[in-house]
Amino acid sequence: MCHNPLNKVKCRVISNREIAPNIYNMIIGVDDMADSVKPGQFVNLYVKGGVHLLPRPISVCGVNRKQKTIRVVYAVVGEGTKILTTRQKRDSIEVLGPLGNGFNINVEAQHILLVGGGVGTPPLLETAKKLKEKKGTAVKLTIVLGFKNDVYLADEFKAYGDVHIATDSGSKGFKGNVIQMMESEMKETIKNIDYVYACGPTPMLKGLFDFNNKYGLKGEFSLEERMGCGFGACVGCVVPIRRVLNEESMKITKETMTDIDYDYKKVCQDGPVFNYLEVIF
Amino acid sequence: MNLGVKFCGIEFKNPVFTASGTFNSGKEYESIVNLNEIGGIICKGVSNKPWKGNSAPRIAETYGGMLNAVGLQNPGIDVFIKEDIPFLRQYDTKIIVNLAGRTIEEYCEVAEKLASEDVDMLELNISCPNVKEGGVAFGIDPAMAELVTREVKKVAKQPLIVKLSPNVTDITEIAKAVEAGGADGLSLINTLIGMKIDIHKQKPVLANKMGGFSGPAIKPVAVRMVYQVRKATKLPIIGLGGIMNGDDAIEFMLAGANAIAVGTANLLNPRATIDVLEGIKTYMNLHNILDINEIVGIIE
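Scoring rules and cut-offs
- Residues numbered from 1 in each chain as written.
- Chains lettered and ligands numbered in written order.
- Predicted model: local features only at pLDDT ≥ 70, side-chain atom pairs only at ≥ 80, totals over all residues.
- Heavy atoms only, no water.
- Helix = DSSP H or I, 4+ residues; strand = E, 2+ residues; numbered from the N terminus.
- Rg over C-alpha atoms; globule rule 2.2 N^0.38 Å.
- Buried < 20%, exposed > 50% of the residue type's maximum accessible area, 1.4 Å probe, protein only.
- Pairing = 2+ DSSP bridges.
- Contact = heavy atoms within 4.5 Å.
- Axes fitted to C-alpha atoms, helices over the stretch in contact; angles between N-to-C directions.
- Buried area = accessible area lost by both parts, 1.4 Å probe.
- Salt bridge = Lys/Arg side-chain N within 4 Å of Asp/Glu carboxyl O.
- Polar contact = N/O pair within 3.5 Å; in protein donor to acceptor, adjacent residues only side chain to side chain.
- Bend = angle between axes of the 7 residues up to and from the residue.
- Phe/Tyr/Trp six-rings, centres within 6.5 Å; stacked < 30°, edge-to-face > 60°.

**Q** Help me understand the overall build of chain A in this model?
**A** Of regular secondary structure, chain A possesses six helices and 15 strands. Its C-alpha atoms give chain A a radius of gyration of 18 Å, within 12% of the compact-globule value 19 Å for 281 residues. Principal-axis analysis of the C-alpha atoms places the extent of chain A at approximately 50 × 45 × 40 Å. The proportion of buried residues among the 281 residues of chain A is 56%.

Right, here's the structure in full:
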């Protein structure tokens, strides 16, 4: 029975606990939806009550097809996510999904770099797992994770590859951001990278855009933008995407772009994952 | 039970329409909603040339509603004719095309191109800013509203309804002006203008600063305006503004709407149109209403 991602379903909360300050880990029983989730996709979680109407789009961190559950890790960033933290075991929660295009894990690559920043890290866990499941020892993963101060999920990545951690505060690992860490400590590793998957805050992706270009890397970024519906109908969550890819167009920024340089694409439907070269910062 | 309504001489199988800008041309909903079951699809606003729309963020949540400043991003009338009309014609529903424009000439150009197309009705979106008048919306001034209606009516082949903006002191004045301009029907309300400020970043949430306020929070304003306009003109009315379920739809019809449109609700529940239709049927069964048209405008 193929689940229709636009079928809004009442699901069951299995667990919902804080794993770092203001970071929560929720397991949701989603029935057939679990079968169709691809790494890099997200789900819409809805808040009850009729006051906070818009969906909270949260990336999927893990899927358990046997138990028919998905795992989401979310940050408390506003009123809606704050209310989500109060959902307890056996509560119902309405879910729409899976949504978005997800990462392309069928690329030909032997050494892959995954770069996660803060709450952009969760979807990379499912991505790492699927890459390893698909290619086994034929692929080597290098995982780079950056946090402000509190580190979460990093240990779970160790099952799939080498994990390098950077924290702004220096509480763990390299003191600084992921770009700084890679430039100062990982130059040899970077030379062997075939492909990059990244998800995280815009400043990190902007830095990584320049970094990837500098080292001639190919890859995909998962973007975010404030959403309305989350499934392509309202045309709210747009980002400017380059029309052509060449040396000149790489220099275009949000400040300098003119109408002919870009098209607005929907993060929820055309994305959230895009070829990083197409993204205008 | 009869759900069929006749509006501007066109037979609609039921009074449930989709509001412009919330349903595109239906493709995103095709897999979850049987488009044959919807009375009429009012498409996303179409302009003569492609419009890119505003920068993001375009969306903000408010208490019981939302703000949008999408800016009418659309690929233009040529693409619409080539792709959206054939898509919709696969289904047994009525096609109502929403017209967007920045000048009277732009509106007319779209209407002219649609004159030879197989669409059922045109909805004139007069909440667009008139660039020749300093960006003031067409729909806030009775004289401008009448003029744009009159000019588009000259070139329109299909019945023309005008979608009214609520951001005016007296919507009945605009309704009467548009009636004088030759409109065949009205739809109201479009969004209210609102704003949300991020107090920690200390700036507006929307890149456009202000946006259209929609959702259940605006329903009382919309119902009131339908009620007032019903008494002010002889034109048939499509009522919209915060309809989430069948009960809301019935409110609008009692107030004077011949048909209703579901908007923001679609974004929150892809099956909203069907849920609203089922809710209307439930109400009719409860009150032994055999023909939905019986309840239109029966509020004193």
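After presenting the structure, the write-up continues.
**Q** Looking at this model, I keep getting lost on the sheet that holds strand β10 (residues 174-175) of chain A. Mind explaining?
**A** Within a beta sheet, neighbouring strands are joined by backbone hydrogen bonds and run either parallel or antiparallel to one another. All names here are of chain A. Overall, mixed pairing links the seven strands, which are arranged β10-β9-β8-β7-β11-β12-β15 in an open sheet. The outermost strands of the open sheet, each flanked by one partner alone, are β10 and β15 (273-275). Where strand β11 (residues 195-199) and strand β12 (residues 218-222) come together, five bridges link them in parallel fashion. Pairing of Tyr 197 across the sheet is with Glu 220, part of β12. This element, helix α2 (residues 122-135), spans β7 (111-117), β8 (140-147) and β11 of the sheet and lies at about 165° to β7. Packed onto the sheet, helix α6 (residues 202-214) meets β7, β11 and β12 and runs at close to 165° relative to β11.

**Q** Could you clarify how one ought to interpret the interface of chain A and chain B in this entry?
**A** For interface size, the figure often reported is the accessible area lost on association. Counting residues at the interface gives 31 residues for chain A and 32 residues for chain B. For the chain A face of the interface with chain B, the top three residues by lost area are Leu 53, Arg 226 and Tyr 264 of chain A, together amounting to 24%. At the surface where chain A touches chain B, the tally comes to two salt bridges. At the boundary of chain A and chain B, one finds 10 residue pairs in polar contact (both at pLDDT 80 or more).

**Q** Mind showing me how you'd approach the pattern of salt bridges here?
**A** Pairing of side chains with opposite charge becomes possible as their charged atoms draw close. Counted by the stated rule, this structure contains 25 salt bridges over all chains. Measuring nitrogen to oxygen at the nearest pair gives 3.5 Å for the salt bridge that ties Glu 28 of chain B to Lys 266 of chain A. In this pair, Glu 28 of chain B sits in the loop between β3 (16-18) and β4 (40-42) while Lys 266 of chain A sits in strand β14 (residues 262-266), so the two residues belong to two different chains. On the basis of relative accessible area, Glu 28 of chain B is assigned to the buried category, the value being 14%. By relative accessible area, which is 13% here, Lys 266 of chain A ends up buried. The partner of Lys 13 of chain B in a salt bridge is Asp 92 of chain B, with the nearest N and O atoms 3.2 Å apart.

**Q** What exactly am I supposed to notice about unusual backbone geometry here?
**A** When glycine is set aside, most residues are seen to have a negative phi, and most peptide bonds are trans. A cis geometry characterises the amide bond from Ala 56 of chain B onward to Pro 57 of chain B, with omega recorded as 0°. Among the structural elements, Pro 57 of chain B can be located in the loop between β4 and β5 (59-62). Residue Leu 188 of chain B is joined to Ile 189 of chain B through a cis peptide bond whose omega torsion reads 15°. On the secondary structure map, Ile 189 of chain B appears in the loop between β12 (185-188) and β13 (192-195). Even without being glycine, Asp 31 of chain A reaches a positive phi, approximately 55°. Secondary-structure assignment places Asp 31 of chain A in the loop between β2 (23-29) and β3 (42-45). Overall, the relative accessible area of 54% leaves Asp 31 of chain A in the exposed class. In this structure, Arg 90 of chain A is a non-glycine residue whose phi angle is positive, near 80°. Relative to the assigned elements, Arg 90 of chain A resides in the loop between α1 (79-84) and β6 (92-99). Judged by relative accessible area, Arg 90 of chain A falls into the exposed class, the value being 61%.

**Q** Sorry if this is basic, but what is going on with the sheet that holds strand β6 (residues 65-68) of chain B here?
**A** Residues and elements named next belong to chain B. With antiparallel pairing, the four strands of this open sheet are ordered in space as β5-β6-β16-β13. The sheet terminates laterally at β5 and β13, the two strands that pair on one side only. Ignoring which end each strand starts from, the neighbouring axes of this sheet average 40° apart. Relative to strand β16 (residues 210-214), β13 runs antiparallel, the two being bridged by four bridges. Its bridge partner being in β16, Met 195 is matched across the sheet by Met 210.

**Q** Explain helix α1 (residues 77-89) of chain B to me, please; I cannot follow it from the model alone.
**A** Three or four residues apart is the spacing at which side chains of an α-helix point the same way, because the helix has 3.6 residues per turn. Residue and element names in this part refer to chain B. At Glu 83, α1 is deflected by roughly 30°, the largest bend along its length, and proline Pro 86 occurs up to four residues later in sequence. When we look at burial in α1, the residues that qualify are Ile 77, Phe 80, Ile 81, Asp 84, Ile 85, Phe 87 and Leu 88. Tucked inside the fold, the buried residues of α1 contact β4, β7 (94-99) and α2 (104-114).

**Q** Is there a simple way to explain the packing of aromatic side chains in this structure?
**A** For any two aromatic rings, the description comes down to two numbers: the centre-to-centre distance and the angle of the planes. Residues and elements named next belong to chain A. All told, the structure shown has 16 aromatic pairs over all chains when counted by the stated rule. Ring centres of Phe 103 and Tyr 197 lie 5.3 Å apart, and the angle between their planes is 80°; this geometry places the pair in the edge-to-face category. Of the two residues, Phe 103 is situated in the loop between β6 and β7 and Tyr 197 in strand β11; the sequence distance between them amounts to 94 residues. Both rings, one in Phe 211 and one in Tyr 215, keep their centres 4.8 Å apart while their planes meet at 50°; by these two values the pair is tilted. We classify Phe 211 as buried; its relative accessible area is 2%. The exposure class of Tyr 215 is partly exposed, given its relative accessible area of 26%.

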